[in-house]
Amino acid sequence: MFKKLFRQNENFIDGELSPELPLPKHVAIIMDGNGRWAKKRLLPRIAGHKEGMNVVKKITRYANSLGIEVLTLYAFSTENWKRPTDEVDYLMKLPVEFFDTFVPELVEQNVRINVMGYRDNLPLHTLRAVENAIERTKHCTGLVLNFALNYGSRAEIISAAKEAVRELEKAGKSAEELRESDIEKYLMSSGLGDPDLLIRTSGELRLSNFMLWQLAYSEFYFTDVHWPDFTEGNFLEAMIDFQNRSRRYGGL
Ligand code: IPE
Ligand code: IPE
Ligand code: MG
C-alpha cells in the first residue's frame, strides 16, 4: 500500500486516509489535559480551558470538512462540580463565550448544536447560551456538534431504565419484557447513534463516567497529547488508526 509521511506537530504521521475504508460516523472525545497544559506553562488552569475552547472550534471545522456526522465532546461531568468554585464558574462561562463567538460560523457551516446533560443545575447564563445555540442551529443538517455538559452516564442509565419500565407498566407489560431498545430510546444521546470511535487525550486510560452504555462496541483511541495541543493532524491520525481496526462485534 502506498504510504505518505507528512509533518505534523513535530511528529511524522505514517499513512493516509483510505478512500475505500469508512470513516467513523460518530466520534466522541474526552477532552482532557487542559489543567496540565496550563501548569506546564506556569499559567492558571483556566488558561488551559480557554485554549481548549479554541481547539474545539478547530476540530469542529475539521470534523465537518471530513464529513463526520456526529462529534460528541465531553465538556463537563457531573463530578466536575467538585472542583474549586472559581474554576467551575469559569467552565460555566465558557459556553457563553463559545456560542457567542462561534454560532454564526456554525450556521454558515450547517452545524447543528445538541447538548446532553442535566440542565436543571446549570447557571442561568449557561442555560440561556445553550438553549439559544440549539435554537439558532436547529435547521442545520450537517455535522451534529453534541456537547456533554453536566453529563454523567450512570445517572443517565438509571433515568432511562426508570422511564423504560414506566412505559412498560403503562402498556400493561412486565419488566421481564424490557429490551435494549427500550433503554436506548431514553438515553440523552438517543437518535445520534453510538460512537464508532472514542478519543481521550492527555494519557488517562479511563472513561470517567462517559457514555458507558453507548461505548459498548466503540473503538478506543488514546493519545498523550493534552487537549489544548490537539491538532487536525492528531485527529487525522485517529481517523487513520480507526480505518485500520477490524470491528467484529463478537463475530468472526
Ligand atoms: C479537561 O481538562 C477539561 C475538563 C474536565 C473540564 P482538565 O481540567 O481535566 O485537565 P487536567 O486533567 O487537570 O490536566
Ligand atoms: C473527564 O475528565 C471529564 C471531562 C473531560 C469533561 P476529568 O479530568 O474530570 O476526569 P478524571 O477526574 O481525571 O477521571
Ligand atoms: Mg482531567
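Everything numeric here is computed off the predicted structure, so don't read it as measured data.

What about the pattern of salt bridges?
Note on pairing: side chains with opposite charge can pair once their charged atoms come close. Within the structure shown, the criterion is met by 16 salt bridges. A salt bridge links R61 to E105, with the shortest nitrogen-to-oxygen separation between them at 2.5 Å. One end of the pair, R61, is in helix α2 (residues 45–66); the other, E105, is in helix α3 (residues 85–108), and 44 residues separate them in sequence. Its relative accessible area of 33% is what places R61 among the partly exposed residues. Linking R245 and D241 is a salt bridge whose minimum nitrogen-to-oxygen distance equals 2.8 Å. A single salt-bridge network, built from bridges that share partners, covers D32, R36, R200, E204 and R206.

Topic: the layout of surface pockets
A volume near 670 Å³ is recorded for the largest pocket. Taken together, 31 residues form the lining of the largest pocket, with M31, N34, Y74, A75 and F76 sitting closest to its centre. Looking at the lining of the largest pocket, the elements with two or more residues in it are α1 (34–40), α2, β4 (70–77), α3 and β6 (144–151). Looking at the lining of the largest pocket, its residues break down into 17 nonpolar, eight polar and six charged. In this structure, the second largest pocket spans a volume of roughly 190 Å³. Taken together, E180, E184, D194, P195, D196, W213, Q214, A216, Y217, S218, R247 and Y249 form the lining of the second largest pocket. When grouped by side-chain class, the residues that make up the lining of the second largest pocket number five nonpolar, two polar and five charged.

Section: the nonpolar core
If you look at the biggest cluster of nonpolar residues, it comprises 47 residues, and the most contacted ones within it are I29, L71, F99, L145, F147, I199 and F235. Among the elements that line this core, the one with the most residues is α3, at ten residues. For L145, the contacting residues outside a window of four places in its chain are T60, L71, L73, F98, L106, V111, R112, I113 and N114. By size, the runner-up hydrophobic cluster in this structure holds ten residues, among which are A28, I30, Y74 and L198.

Digging into the site of ligand 1
Residues in close proximity to ligand 1 include M31, D32, G33, N34, G35, R36, R45, H49, A75, N80, R83 and L91, which together make up its full environment. In this structure, R36 approaches ligand 1 through a side-chain N or O atom, which is 2.7 Å from an oxygen atom. The contact in question runs from an oxygen atom of ligand 1 to an N or O atom on the side chain of R45, over 2.9 Å. The cavity where ligand 1 resides is the largest pocket. Those elements that place two or more of their residues in the shell around ligand 1 are α1 and α2. Counting residues per element, the shell around ligand 1 draws most heavily on α1, at three residues. In the shell around ligand 1, the residues fall into three nonpolar, five polar and four charged.

Re the site of ligand 2
Residues in contact with ligand 2, as listed here, are I30, M31, D32, Y74, A75, F76, N80, R83, R200, R206 and S208. Take R83: an N or O atom from its side chain is 3.3 Å from an oxygen atom of ligand 2. Contact between ligand 2 and R200: an oxygen atom at 3.4 Å from a side-chain N or O atom of the residue. Relative to its free-state accessible area of 390 Å², ligand 2 is covered by the protein chains to the extent of 78%. Counting atoms within 2 Å of the grid points, the majority share of ligand 2 lands in the largest pocket. Per-element accounting of the shell around ligand 2 gives the leading share, three residues, to β4. Looking at side-chain class alone, the shell around ligand 2 contains five nonpolar, two polar and four charged residues.

Conventions and cut-offs
- Residues numbered from 1 in each chain as written.
- Chains lettered and ligands numbered in written order.
- Predicted model: local features only at pLDDT ≥ 70, side-chain atom pairs only at ≥ 80, totals over all residues.
- Heavy atoms only, no water.
- Salt bridge = Lys/Arg side-chain N within 4 Å of Asp/Glu carboxyl O.
- Helix = DSSP H or I, 4+ residues; strand = E, 2+ residues; numbered from the N terminus.
- Buried < 20%, exposed > 50% of the residue type's maximum accessible area, 1.4 Å probe, protein only.
- 1 Å grid on protein atoms, 1.4 Å probe; cavity = no way out; pocket = protein on both sides within 12 Å on 5 of 7 lines; lining within 4 Å.
- Points joined across faces, edges and corners; volume = space filled by probe spheres on them.
- Nonpolar A, V, L, I, M, F, W, Y, C, P; charged D, E, K, R; others polar.
- Core = buried A, V, L, I, M, F, W, Y, C linked by side-chain atoms within 4.5 Å.
- Contact = heavy atoms within 4.5 Å.
- Near = heavy atom within 4 Å.
- Polar contact = N/O pair within 3.5 Å; in protein donor to acceptor, adjacent residues only side chain to side chain.
- Sits in = over half its atoms within 2 Å of the grid points.
- Areas by Shrake-Rupley, 256 points an atom, 1.4 Å probe, with all protein chains shown as cover.

Shape descriptors only; they carry no functional weight alone.
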